[in-house]
Amino acid sequence: LGEVYEGQVPTPRHRVADASPPTPRDGDLVSLGRFQLLAELGRGGMGRVIEARDPELRRSVAVKVVVDPAEVTEAQLARFVAEAQITGQLEHPGIVPVHELGVDESGQVYFTMKLVQGEELGDKYDKVFARDEEWNTTRALGVLLRVCEAMSFAHSKGVIHRDLKPANVMVG
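Residues numbered from 1 in each chain as written. Predicted model: local features only at pLDDT ≥ 70, side-chain atom pairs only at ≥ 80, totals over all residues. Heavy atoms only, no water.

## A short note on the confidence of the model for the chain
Interpreting fine coordinate detail is not advised for predicted regions of low pLDDT. What counts is decided by this rule: Values of pLDDT, ranging from 0 to 100, describe the predictor's confidence in every residue of the model. Note on definitions: a residue-residue contact is assigned when non-hydrogen atoms from the two residues lie within 4.5 Å.
Averaged over all residues, the pLDDT of the chain equals 84, while 83% of them reach at least 70. Residue range residues 1-22 is modelled with pLDDT below 50. Its contacts to residues more than four positions away, or to other chains, number 105 contacts. Taken together, the stretch residues 24-29 has pLDDT below 50 and engages in 9 contacts with residues farther than four places along the chain or on a different chain.

Put into structure tokens, the structure is as follows:
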């Protein structure tokens, strides 16, 4: 599987910081700090994840920012920063690594993570139920076991994922 592991668990979705950058549309590039924002990958209650290009390291990353910065409280901002710091300390092949926590020139707080290519676990379950030849119950249970191992590791460090569900598990 190379650098992408089946059953990688993205960081919990929480509210995030100030001054959300514009949404990339129709291939237009906008930036956040040194990162060129390309396309939104997902959106939670208040946070969103955007695919971006890091020109200094010449790699693609995922950048997490806030959906509606005008609604973010200090407590929510503190939770966002804590999410990045805690996740950044969890070194496990089934947990997406955090690369950087930063603030751009406009005051937007963000963090970057490894960009995981793949499908949501829920989509894989749908393939099992549809009797897809590539995905059977045994393979799906193997992925679920790796998710459980990642959660067990996080729990052993005192970390609880507050939004664990098939849509928040990426399978490569």
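Further notes follow.
## Description of the pairing of strand β3 (residues 47-54)
Where we set the bar: Pairs of strands are assigned from DSSP output, requiring at least two bridges between the strands. Think of it this way: any DSSP run of H or I at least four residues long counts as a helix, any run of E at least two long counts as a strand, and we number them from the N terminus.
Of the strand pairs in this sheet, strand β2 (residues 35-43) and β3 are connected by 6 bridges, and their pairing is antiparallel. What sits directly across from R43, in β3, is R48. Where β2 hands over to β3, the hairpin turn is made up of 3 residues, counted between the paired strands. Alignment of β3 against strand β4 (residues 59-66), held across 8 bridges, turns out to be antiparallel. Counterpart to R53 in the pairing with β4 is S60. Here β3 folds back onto β4 in antiparallel fashion, the turn holding 4 residues, of which R58 has a positive phi close to 55°.

## Section: the environment of F80
What counts, and what does not: Throughout, exposure labels follow a simple rule: accessible area from a 1.4 Å probe, protein chains only, divided by the maximum for the residue type, with under 20% read as buried, over 50% as exposed, and the rest as partly exposed.
With respect to the element layout, F80 can be found in helix α1 (residues 74-89). Judged by its relative accessible area of 0%, F80 is buried. Between the C-alpha atoms of F80 and Y110, which are 30 residues apart in sequence, the distance is 8.6 Å.

## Concerning the nonpolar core
Where a protein is soluble and globular, its nonpolar side chains tend to be buried together. Which entries qualify depends on this criterion: Residues enter a nonpolar core if they are buried and are Ala, Val, Leu, Ile, Met, Phe, Trp, Tyr or Cys, with the set joined through side-chain atoms within 4.5 Å.
Counting residues in each nonpolar core, the largest one holds 11 residues, listed as A62, F80, A84, V96, V98, V109, F111, M113, L115, V116 and M170. Elements with a contribution of two residues or more to this core: α1 and β6 (109-114). Counting residues per element, this core draws most heavily on β6, which supplies 3 residues. Contact partners of A84, with chain neighbours within four places excluded, come to V98, L101 and F111.

## Some remarks on the pairing of β6
With 6 of 6 residues buried, β6 lies mostly within the body of the structure. When β4 meets β6, the two strands line up antiparallel, connected through 4 bridges. When the bridges of β6 are listed, V63 appears paired with T112. With 5 bridges joining them, strand β5 (residues 98-103) and β6 adopt antiparallel strand pairing. Following the sheet pairing, V103 is matched in β6 by V109. In textbook terms, the turn of a hairpin is the stretch between consecutive antiparallel strands, and for β5 and β6 this stretch comprises 5 residues, one of which, G107, has a positive phi near 100°.

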